[in-house]
Amino acid sequence: MKSIDTMTPCPCGNDAGYAACCGPLHDGKPAESAEQLMRSRYSAYVLLREDYLLASWHADTRPASLRLSAQQPAPTWLGLDIRQHRVIDSDHATVEFVARYRLGGGRAQRQHETSRFVRENDRWFYRDGEIKA
């Protein structure tokens, strides 16, 4: 797990800082929306918070592990752009995003995805996603 200065901008791009944005969610506070959960999950990838990623992943689709620390070359995350947050009903939503990253010294790449989220027992969970070409 990487450390972060709590006064710096949050990895998800929020200038309020990690301590006021994704930090409380990583410490157990429930996300208020699917978009907020998406942002916190991006920050968890940046900070190698596999524990948080697995805990915020719906049990029906959650992998046993992600092995983030074993990724070679490790991605350098460059930014997150939320394209759309769509509320389907009170317990279902989608978030379309583009995450930019670089592997090793290679060219920057993009992951464009529409993720599906579900709320159970007042907590949002990532269910799955569809990668866009």
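Look up a bit, the structure's there.
Basis of the calculations
- Position numbers for residues count from 1 along each chain, tracking the sequence in the order it is written.
- Owing to the predicted nature of the model, reporting of local features is limited to residues with pLDDT of at least 70; listing and counting of side-chain atom pairs is limited to 80 or more, with chain, interface and lining totals taken over all residues.
- Here the side-chain values reflect all heavy atoms present in the structure, with hydrogen atoms and water set aside.
- Strands here are runs of E lasting at least two residues and helices are runs of H or I lasting at least four, both read from the DSSP assignment and numbered beginning at the N terminus.
- Just to be clear, the radius of gyration here is over C-alpha atoms, and the globule rule we use is 2.2 Å times residues to the power 0.38.
- When checking whether two residues touch, look at their non-hydrogen atoms; a contact exists if any pair is within 4.5 Å.
- Only the protein chains shown count as cover for residues, with accessible areas throughout obtained via the Shrake-Rupley method and a probe of 1.4 Å.
- DSSP-based pairing: two strands are paired if at least 2 bridges between them are found.
- What counts as an axis is a line fitted to C-alpha atoms, over the stretch in contact for a helix, and the angles between N-to-C directions run from 0 to 180 degrees.

Enquirer: Is there a simple way to think about the overall build of the protein chain in this case?
Expert: Looking only at helices and strands, the protein chain has three helices and four strands in total. Starting at the N terminus and walking to the C terminus, you meet the elements of the protein chain as α-α-α-β-β-β-β. For 133 residues, the compact-globule estimate of 2.2 N^0.38 gives 14 Å, and the C-alpha radius of gyration of the protein chain, at 14 Å, lies within 12% of that figure. When its C-alpha atoms are laid out on the principal axes, the protein chain stretches across 40 × 35 × 30 Å. Considering only intrachain contacts with a sequence separation of at least 6, the fraction spanning at least 24 residues in the protein chain is 39%. For the protein chain, the accessible area works out to roughly 7,500 Å², and carbon and sulfur atoms hold 47% of it.

Enquirer: Just to check I follow, could you spell out the sheet that holds strand β1 (residues 75-89) for this structure?
Expert: Within a sheet, adjacent strands bond to each other through the backbone by hydrogen bonds, running parallel or antiparallel. Pairing within the open sheet is antiparallel, and its four strands lie in the order β1-β2-β3-β4. The sheet is open, and its two edges are formed by β1 and β4 (123-131), each paired on a single side. On average, each strand axis in the sheet is inclined to that of its neighbour by 25 degrees, with strand direction left out of account. For β1 and strand β2 (residues 92-103), the ladder comprises 12 bridges, and the chain directions are antiparallel. In the sheet register, His85 faces β2, and the bridge partner there is Val95. Across the sheet, helix α2 (residues 34-46) is in contact with β1, β2, β3 (108-120) and β4; its angle to β1 comes to roughly 165 degrees.

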